[in-house]
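# Secondary and tertiary structure notes
Here's the letter readout for the chains.
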Amino acid sequence: MLLLLGLCLGLSLCVGSQEEARSWVSSEQVGLRVPRQVRLLQRLKTKPLMTEFSVKSTIISRYAFTAVSCKMLNRASEDQEIEFQVQIPAAAFITNFTMLIGDKVYQGEITEREKKRDDRVKEKRNKTTEENGEKGTEIFRASAVIPSKDKAAFFLSYEELLQRRLGKYEHSISVRPQQLAGRLSVDVNILESAGIASLEVLPLHNSRHRGSGRGEDDSGPPPSTVINQNETFAHILFKPSVVQQAKIAQNGILGDFIIRYDVSREQSVGDIQVLNGYFVHYFAPKDLPPLPKNVVFVLDSSASMVGTKLRQTKDALFTILHDLRPQDRFSIIGFSNRIKVWKDHLISVTPDSVRDGKVYIHHMSPTGGTDINEALQTAIRLLNKYVAHSDSGDRSVSLIIFLTDGKPTVGETHTLKILNNTREAARGQVCIFTIGIGNDVDFRLLEKLSLENCGLTRRVHEEEDAGSQLIGFYDEIRTPLLSDIHIDYPPSSVVQATKTLFPNYFNGSEIIIAGKLVDRKLDHLHVEVTASNSKKFIILKTDVPVGPQKTGKDVLGSPRPEGDGEGDPNHIERLWSYLTTKELLSSWLQSDDGPEKEQLRQRAQALAMSYHFLTPFTSMKLRGPSPRTDGLEEAHGMSAAMGPEPVVQSVRGASTQPGPSLEKPYQPRIKISKTSVDGDPHFVVDFPLSRLTVCFNIDGEPGDILRLVSDHMHSGVTVNGELIGAPAPPNGHKKQRTYFRTITILVNKPERSYLEVTPSRVILDGGDRLVLPCNQSVVVGSRGLEVSVSANTNVTITIQGSIAFVILIHLYKKPAPFQRHHLGFYIANSEGLSSNCHGLLGQFLNQDARLTEDAAGPSQNHTHPPLLQGEGPEAVLTVKGHRVPVVWKQRKIYNGEEQIDCWFARNNAAKLIDGEYKDYLASHPFDTEMTLGRGTPREL
C-alpha cells in the first residue's frame, strides 16, 4: 500500500490519481471528444476529497512547534493513489510523520542515512531549493493508495527557531491544500515571557507559482482571522469557510499565512531564560550608533546577465548607493572574464561620489565569462589596503556584497581553490555576503563563501520583484552596530554552550546562545559581553536573575507529550539541540578536511537521532502497519503543537515478560570488577588481597545525587549518580525502589570534560558537545578520554589509560510498575585514582578488610563459608579501623544474570562508610565538593 515517502524540494504539484491520468491519456489518443462538463464531472467523481486541513502551531520564546494534519476520503469505486505534500521552511527540522490508511497506522521513524548518500543529498538540496537559507522552503511528500470508499489521514510535525530580521520575527505557514477543504484552520499560539511588543498578521502571501489566487482584500489579515492578545500571550485563528476559500483561490492554493511580531527588551545584556537546567540567551541591543561600513559592491557583468537580471540589479544598486551613510566608504567592481574596478581605492560617500558610482553602474554592459576568484581577490585587496592605512579601520566593518548568476568559467574554476584563496586573503577580517541570481548559479559555492567568511547568502529569483529582494537583503546588513562580539559565562556555571563569538551584530537582528547550567538551583548567571562599536570598546557585565525553573503544564494548560523518558519536555532544550545541530551542519559544510568532516557528520547525526530531527544525515522510514487505536488522530493533531512527539523504537531481542529486555550475551570491551553499584541500588566492594567481597544498600530518595567517586583534587575525576524512584513490588518490605537514571563524570585533567550518561544517550562535552545515542555502537575519544558505546548494553569510559568505568544499561520491553530503565556503575580499573580517593565506592579502593570474629563462634572458612539460601553466618568485619557487623548473603549483579557471595552490612552501611548518608549527597550532577576523607574540601 505504501508507495513513497521523502523530503523533496521544488515546486508544488497537484494531487490527483494515476487512474485519472490514464483515462485522460486514452481519451486523447483515440480522439474521443468528451464534452467539457462531462470531463469535469468525471474529475469530481474520482478525485479524493479533502475533508479537513488544519495547522496548529505553538511558539514559545521564538521556538515554534508546528503540526499539519490532513484528512482525505476516496469516493471512487476503485483504489486511488494520493499524494500528501506540505511546504515547510527550509530552516525547520521535521520531527515526526504518521499516516492512517483505513484502520492501519504507519509511524515514521528517524534513522541514520547511509554515509555514501550524504553528499548526493546535500547537492540535491542546493540544486532545487527555492530560496537559500531560512527564507526558503522545502516540500515534504508522501504517497499512498487509499482503498475504495475509505479514509486516510496524514500528520506531520516540524520545529524551527524563528530568526529576527529587520526588527521582527516572522512565522510563515503554508496553506496549500490544493483543493477546497471541508474544514480548514490555522491555529497559532505565541507565548513570550518578555512581553509581546508588536504583532501583525499579513495578507496571504501568494505563491509565485501558476494557479495561486488573490483575496479580495489585501490590506489586512485574511478574512475570518481572529486575534486575541494580552501582554505575553497571543492566539491567532484563521478558519475560512468553503465560500471564503473559494473567493481567495478556487484551486485551494491560498498561500502563506504570515505572522510578524517582536518582543519587549529591557536589559542591555539581553534576555536569559532557564528551564530544567537549560538556558537560552537572546542578545539584541539597540540605541547604539552605527559602525562605519567599508563596502565593495562586486557585480557580475558576464554575458549571462543580459536583459532583466542586469537591469533589475542596477536599479537595486542605485537605491542601495543612496542609502550609504556619510561615514561609510565604498567602491564598485564589475567582473566578467576581465575585472573592471571603478576606483582603485575606497572613497567617501558624498552626493558626487554616489552620482559617479551610479553612472559607472549604468554603463556596465554584459559580455564575456565569469572570473569569480579574481573578482573576490581584487575586492579583498581594496578593503585590506584601506584598513591598513586608515585610523578608523579598527572601528569599522569591512563587507563585500557579491552578486552573480553563474558558475566560475574563467581563471580559477576549481571550487576548493577559490574557497581557500578567498579565506586566506580575507583572514576573517572581511565578511562576504553573496547573492545568487536565477537558477544557474553555483549556489553551494556562494553558500560556503559566506559561511567561511562571516557572511550570509541569499537566492534572488528572476521575477518582477528581484530588485526589492536585493534591497531587502541589503536592509538586513545596512546598519552594523557592533563587531567582534564575545559573550562569556563562568565555566563553573555553564557547559555545552553553542557559539559565543560573533563577528558582527546588525540592527534589527538577534544573537542567540543556548547551553546547559551546571547547577539547576542557580539564582543568578554572570554574563560578560565585550564588543567594539563606533565610539569605543564596550564591556557589559551583570548578574542576570534566572528566576524559578518551571516544569509541568504548557502555555495552554495541556500536558506536553513526553520527551525521551528523561523527565519533563523542555522547549529550551529543544532550542539548544536545534541550534547545535545547525552549527554542526554549517561546520560540516565549511570543512574540507576528511577526518574532521567525518567527525562533524557523526556528531550531527548522533544529535539529530537523539532529538528525532530529519536532517541531511538522517532519513525517515515508515514502520507498520499496526492496528489503529482510539484517539490517535486527536493525539497526533495536538501533540506537535505542544512539543515533539517521540518516536518509540523497539528493542531487538526483547522478552515479552517484565524484566530486562536485553537477552544477547554481554561482551564488555574490558573486564568488569565486582566493585560496583547497580539495581535498587546495591553496592558491592571487592577486596582482592583478603579475597573478601562486601555489599551494602543505600536507600536514598528520588532526586538525590550520590557521590560515588571523589578524587577531584588529585586525579581530577569525580563520579556522581542521580536516583529515580519507583513503587515497591507487591508484598515487599520497602515503600519504594530507587535506581540510578543518570551517571555524571567530571574529568578535570589534562583538560576539563563532562560526561552525562542516561539509558538513552551519552553526552560528552570536552569543549565541543557530542551526543551519542545508546542504541548504536560507537567509539569516540580525544585528549586521553575514550567513550565506547555498545548498543543497548553498556558504556565504557577510559581515562588516561589508567582509569576505566563500565556503565551497564538496563532496559525493559514492558516494565512492571516497580521497574525503571536504569544504569549500573562498575569500576573496572582504578590504577589512576589516588590514595585520597573517596566517595561511597572510592573510599574502599585502596583499602583492605578482614574478618575478626562471628557471633556464633569461629567459622571454619571466613572467606568462603558454606553457601546457604538467604542469609548465612554473621561476623564482624574490620575495614579502615571500623568494626562492622556483617551477614553472609548471595546477591545478583551484572544485569541480574550473575550472582556473587558477599558479606552484607545492614542499616544503610552504618559503621562501614565514613560519616553518614547525607554526607554523600551532591548539590548538582557535577558537584565536586567533598567534606569527608583525606582531601581538602573544594567546590568546582
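Residues numbered from 1 in each chain as written. Predicted model: local features only at pLDDT ≥ 70, side-chain atom pairs only at ≥ 80, totals over all residues. Heavy atoms only, no water.

Time to look at the overall build of the protein chain. Helix and strand content of the protein chain: 14 helices and 49 strands. Here the protein chain holds 940 residues, and 55% of them are scored as buried. A fraction of 70% describes how many contacts in the protein chain between residues 6 or more apart in sequence connect residues 24 or more apart. Surface accessibility of the protein chain: about 40000 Å² in total, with carbon and sulfur atoms responsible for 50%. (Helix = DSSP H or I, 4+ residues; strand = E, 2+ residues; numbered from the N terminus. Buried < 20%, exposed > 50% of the residue type's maximum accessible area, 1.4 Å probe, protein only. Contact = heavy atoms within 4.5 Å. Areas by Shrake-Rupley, 256 points an atom, 1.4 Å probe, with all protein chains shown as cover.)

Attention now goes to the nonpolar core. Side chains that are nonpolar tend, in soluble globular proteins, to be buried together. Core analysis: the biggest nonpolar cluster contains 61 residues, and Phe 696, Leu 708, Val 787, Val 795, Phe 825, Leu 877 and Leu 912 have the highest contact counts within it. Sequence-distant contacts of Phe 696, defined by excluding residues within four places in its chain, comprise Pro 681, His 682, Phe 683, Val 685, Leu 840, Phe 844, Phe 904, Ala 905, Ala 909, Leu 912 and Ile 913. (Core = buried A, V, L, I, M, F, W, Y, C linked by side-chain atoms within 4.5 Å.)

Taking 1.5 Å as the rise per residue, helix α7 (residues 372-388) with 17 residues should run 24 Å; its terminal C-alpha atoms sit 24 Å apart, in good agreement. Between a side-chain oxygen at the N-terminus of α7 and the backbone nitrogen of Glu 374 the separation is 3.2 Å; the capping residue is Asp 371. (Expected span 1.5 Å × (residues − 1). Polar contact = N/O pair within 3.5 Å; in protein donor to acceptor, adjacent residues only side chain to side chain.)

Where helix α8 (residues 415-426) meets helix α9 (residues 443-452), the axes come as close as 10 Å, and the angle between the chain directions of the two elements is 25°. When the axis of α8 is compared with that of α9, the two are roughly parallel. Judged by the twist between their axes, the crossing of α8 over α9 is right-handed. In contact with Thr 415, Ile 418, Leu 419, Thr 422 and Arg 423 of α8, α9 contributes Leu 445, Lys 448, Leu 449 and Glu 452. (Axes fitted to C-alpha atoms, helices over the stretch in contact; angles between N-to-C directions. Parallel < 35°, antiparallel > 145°, perpendicular 65-115°, else oblique. Left-handed = near helix turned anticlockwise from the far one by under 90°.)

Helical geometry note: an α-helix holds 3.6 residues per turn, so side chains three or four residues apart project in the same direction. Between the first and last C-alpha of helix α12 (residues 594-611) there are 26 Å, a value that for 18 residues agrees with the 26 Å anticipated at 1.5 Å per step. Counting buried positions along α12 gives 13 out of 18 residues, so the element sits mostly inside the fold. One side-chain oxygen of the residue at the start of α12 lies 2.9 Å from the amide nitrogen of Glu 596, identifying that residue as Asp 593. Taken from the residues just after α12, His 612 is the one with a positive phi, measuring 60°.

What follows concerns the state of the cysteines. Evaluated as defined, the whole model comprises two disulfides. Covalent S-S linkage joins Cys 431 and Cys 454, the inter-sulfur distance amounting to 2.0 Å. Disulfide Cys 431 to Cys 454: torsion about the S-S bond roughly -105°, handedness left-handed. In this pair, Cys 431 sits in strand β23 (residues 431-437) while Cys 454 sits in the loop between α9 and β24 (457-460), placing the two residues 23 residues apart along the sequence. For Cys 431, a relative accessible area of 4% corresponds to the buried category. Residue pairing for Cys 695: its cysteine sulfur links by disulfide to Cys 902, the two sulfurs lying 2.1 Å apart. The sign of the S-S torsion, about 60°, decides the handedness of the disulfide formed by Cys 695 and Cys 902: right-handed. One end of the pair, Cys 695, is in strand β34 (residues 692-697); the other, Cys 902, is in strand β49 (residues 898-905), with 207 residues separating them in the sequence. (Disulfide = S-S within 2.5 Å.)

Within the secondary structure, Arg 769 sits in strand β40 (residues 769-773). For the pair Arg 769 and Leu 755, spaced 14 residues apart in sequence, the C-alpha separation works out to 9.8 Å. Setting aside residues up to four positions removed in sequence, Arg 769 forms contacts with Tyr 278, Gln 496, Trp 576, Arg 603, Tyr 611, Ile 763 and Leu 764.

The next point concerns the side chain of Asn 294. Within the element layout of this structure, Asn 294 appears in strand β18 (residues 293-300). Those residues in contact with Asn 294 that lie beyond four places of it in its chain are Arg 329, Leu 346, Leu 383, Tyr 386, Val 387, Ser 396, Val 397, Ser 398 and Leu 399.

On the secondary structure map, Glu 722 appears in strand β36 (residues 717-727). On the basis of relative accessibility, which here comes to 17%, the residue Glu 722 falls in the buried class. If we skip the residues at most four places from it in the chain, Glu 722 touches Gly 703, Asp 704, Ile 705, Tyr 739, Phe 740, Arg 741 and Thr 742.

Let us now look at the packing of aromatic side chains. A full pass over the atoms with the stated rule returns 26 aromatic pairs. When the ring of Tyr 63 is compared with that of Tyr 578, the centres are 5.8 Å apart and the planes differ by 80°; the resulting orientation is edge-to-face. Remark: Tyr 578 occurs in helix α11 (residues 571-590) and Tyr 63 occurs in strand β3 (residues 63-73); sequence separation between them is 515 residues. For the pair formed by Tyr 63 and Tyr 578, the shared burial category is buried. On the numbers, 4.9 Å between centres and 90° between planes, the contact of Tyr 754 with Phe 926 is edge-to-face. Highlighted residues: Tyr 754 in strand β38 (residues 753-757) and Phe 926 in the segment after α14 (906-909), separated in sequence by 172 residues. Each of the two residues, Tyr 754 as well as Phe 926, counts as buried. Counting every residue linked through ring pairs, the aromatic cluster contains Tyr 63, Phe 65, Phe 93, Tyr 278, Trp 576, Tyr 578, Tyr 611 and Phe 613. Arg 459 extends its terminal NZ or CZ atom over the ring of Phe 443, reaching a point 4.4 Å from the ring centre. (Phe/Tyr/Trp six-rings, centres within 6.5 Å; stacked < 30°, edge-to-face > 60°. Lys NZ or Arg CZ within 6 Å of the ring centre and 35° of its normal.)

What follows deals with the side chain of Thr 718. In this structure, Thr 718 sits in strand β36. If sequence neighbours within four positions are ignored, Thr 718 has contacts with Val 709, Asp 711, His 712, Thr 744, Ile 745, Leu 746, Asp 927 and Thr 928.

What follows concerns the pairing of strand β5 (residues 93-101). Of all nine residues making up β5, nine are buried, and the element is well covered by its neighbours. Summarising the sheet, β5 and strand β8 (residues 151-161) pair through eight bridges and their orientation is antiparallel. Within β8, the residue paired with Ile 101 across the bridge is Ala 152. The sheet contact formed by β5 and strand β6 (residues 104-112) spans four bridges and is antiparallel. If you follow Ile 101 over to β6, its bridge partner there is Lys 104. Connecting β5 to the next strand, β6, in antiparallel fashion are two residues, including Gly 102 with a positive phi near 65°. (Pairing = 2+ DSSP bridges.)

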